[in-house]
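Each chain, written out:
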Amino acid sequence: MMQIYFLGTGTSQGIPVIGSEHPVCLSKDLKDKRLRVSVWITWENNSIVIDCGPDFRQQMLTSGCTKLDAILFTHEHADHTAGLDDIRPFFFRQKNDIPVYGHQRVLENLKKRFDYIFEAENKYPGAPGVKSFVVKRNEPFIIGQTPIIPIEVDHAHLEIFGYRIQDFAYLTDVKSISEEETEKLRGVKVLVVNALREEPHHSHFSLQDALDFIHLVQPERAYLTHISHWLGFHEEVQQRLPENVFLAYDNLTITI
């Protein structure tokens with residue numbers, strides 16, 4: 001059995017947006033309050049997260065996660081990476097470098113921004129340790145005994161990765177995806193994909209883009225994430241979705 005915990009389902013600014021008086025930002029419904037996007041996935045004895053943004057510490061405390069076997073990065077933008085320093089408690093407890101997986105470009109970016117973490121010599125004793133693994137297109141890698149299949153997508157002309165793990169696939173910040181990469185998703189039972197807002201966007205799926213893609217892939221269930229306040233109130237949007245498509249929300253847990 002695989003369990004997926006939605007740590008955050010919001011876009012780069014989260015919901016509510018600082019200083020915003022938009023009705024969704026003022027909503028009292030907890031499902032309309034969204035931290036930056038990330039998921040925690042457990043299966044067998046494995047415990048990983050995809051992305052660790054600026055809300056990572058809060059997300060780990062809320063979720064109760066106490067074991068971190070690896071971080072899979074989709075790309076280098078701050079809302080997906082800015083929480084990397086907060087892996088320290090896991091490193092201190094587990095006493096092993098935390099494996100981090102990402103595109104070569106992403107790892108190089110992290111080395112610049114978090115040089116004290118990646119420093120090999122004269123390392124600050126309070127810094128966490130990581131072990132880097134380059135993710136490449138068409139080259140699955142193994143965590144535990146499970147193959148992880150990278151899915152390359154386009155994010156406003158930036159090549160980034162989603163990931164398929166057994167019958168689960170997680171894609172975020174998608175604007176377009178090739179037929180070849182889409183084929184790698186055939187047969188997934190659960191698909192998670194981004195849906196920023198109703199209107200078209202230069203670097204993200206709109207709601208209709210996401211629904212069209214879900215129809216193409218034909219998963220048993222699909223969950224929408226990386227949601228902005230412009231999409232609308234959670235409960236109102238959910239009522240308009242197909243019966244097998246759901247708006248994800250923070251702290252939602254699903255199993256496969």
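Residues numbered from 1 in each chain as written. Predicted model: local features only at pLDDT ≥ 70, side-chain atom pairs only at ≥ 80, totals over all residues. Heavy atoms only, no water.

S.K.: Before we go on, may I ask you to explain the nonpolar core in this structure?
M.R.: Grouped burial of nonpolar side chains is what soluble globular proteins tend to show. Leu171, Leu185, Leu191, Val193, Phe213, Leu224 and Leu241 are the most contacted members of the largest nonpolar core, which has 28 residues in total. Only β8 (146-154), β11 (190-194), α7 (207-217), β12 (221-225) and β13 (245-247) provide two or more residues apiece to this core. If you tally residues by element for this core, the top one is α7, at six residues. Ignoring any residue separated from it by four or fewer positions in sequence, one finds Phe213 in contact with Leu171, Ile177, Thr182, Leu185, Leu191, Val193 and Phe205. Membership of the second largest hydrophobic core comes to 27 residues, among which are Val37, Ile41, Trp43 and Tyr170. (Core = buried A, V, L, I, M, F, W, Y, C linked by side-chain atoms within 4.5 Å. Buried < 20%, exposed > 50% of the residue type's maximum accessible area, 1.4 Å probe, protein only. Helix = DSSP H or I, 4+ residues; strand = E, 2+ residues; numbered from the N terminus. Contact = heavy atoms within 4.5 Å.)

S.K.: Is there a simple way to explain helix α1 (residues 56-63) in this structure?
M.R.: Each full turn of the α-helix corresponds to 3.6 residues, which orients residues three or four apart in the same direction. Every buried residue of α1 is listed here: Phe56, Gln59, Met60 and Ser63. Looking down the long axis of α1, one finds its buried residues gathered within 100 degrees of arc, a one-sided arrangement. With respect to the buried face of α1, the exposed residues turned more than 90 degrees away are Arg57 and Leu61. Buried-residue contacts for α1 involve β1 (2-8), β2 (38-43), β3 (46-50) and α3 (88-94). The first or second residue beyond α1 is Gly64, which carries a positive phi of 80 degrees. (Arc of directions from axis to C-beta.)

S.K.: How should the layout of surface pockets be read in this particular structure?
M.R.: To find leftover empty space, one rolls a probe the size of a water molecule over the atoms. If you add up the space inside the largest pocket, you get close to 260 Å³. Forming the boundary of the largest pocket are 18 residues, of which Leu30, Lys33, Arg34, Leu35 and Asp250 lie nearest the centre. Looking at which element gives the most residues to the lining of the largest pocket, the answer is α1, with three residues. Among the residues making up the lining of the largest pocket, the classes are represented as six nonpolar, six polar and six charged. As a volume, the second largest pocket reaches approximately 200 Å³. (1 Å grid on protein atoms, 1.4 Å probe; cavity = no way out; pocket = protein on both sides within 12 Å on 5 of 7 lines; lining within 4 Å. Points joined across faces, edges and corners; volume = space filled by probe spheres on them. Nonpolar A, V, L, I, M, F, W, Y, C, P; charged D, E, K, R; others polar.)

S.K.: Could you clarify how one ought to interpret the pairing of strand β9 (residues 159-165) in this entry?
M.R.: Regular strands have side chains that alternate between both faces of the sheet. Of all seven residues in β9, six are buried, a share of seventy percent or more. Both β8 and β9 contribute to a ladder of seven bridges, which runs antiparallel. The residue bridging Ile151 from the neighbouring strand is Gly162, located in β9. Taken together, β8 and the strand that follows it, β9, pair antiparallel across an intervening segment of four residues, in which Ala156 is found at a positive phi of about 55 degrees. Inspection of the sheet shows β9 paired to strand β10 (residues 168-170) by three bridges, in the antiparallel sense. Opposite Ile165, over in β10, you have Phe168 as the bridge partner. Connecting β9 to the next strand, β10, in antiparallel fashion are two residues, including Gln166 with a positive phi near 55 degrees. (Pairing = 2+ DSSP bridges.)

S.K.: Any chance you could explain the sheet that holds β13 here in plain terms?
M.R.: Within a sheet, adjacent strands bond to each other through the backbone by hydrogen bonds, running parallel or antiparallel. Across the sheet, which stays open at both edges, the seven strands sit in the order β7-β8-β9-β10-β11-β12-β13 with mixed pairing between neighbours. The sheet is open, and its two borders are formed by β7 (141-143) and β13, each paired with just one other strand. In this sheet, adjacent strand axes meet at a mean angle of 25 degrees when their direction is disregarded. Of the strand pairs in this sheet, β11 and β12 are connected by five bridges, and their pairing is parallel. (Axes fitted to C-alpha atoms, helices over the stretch in contact; angles between N-to-C directions.)

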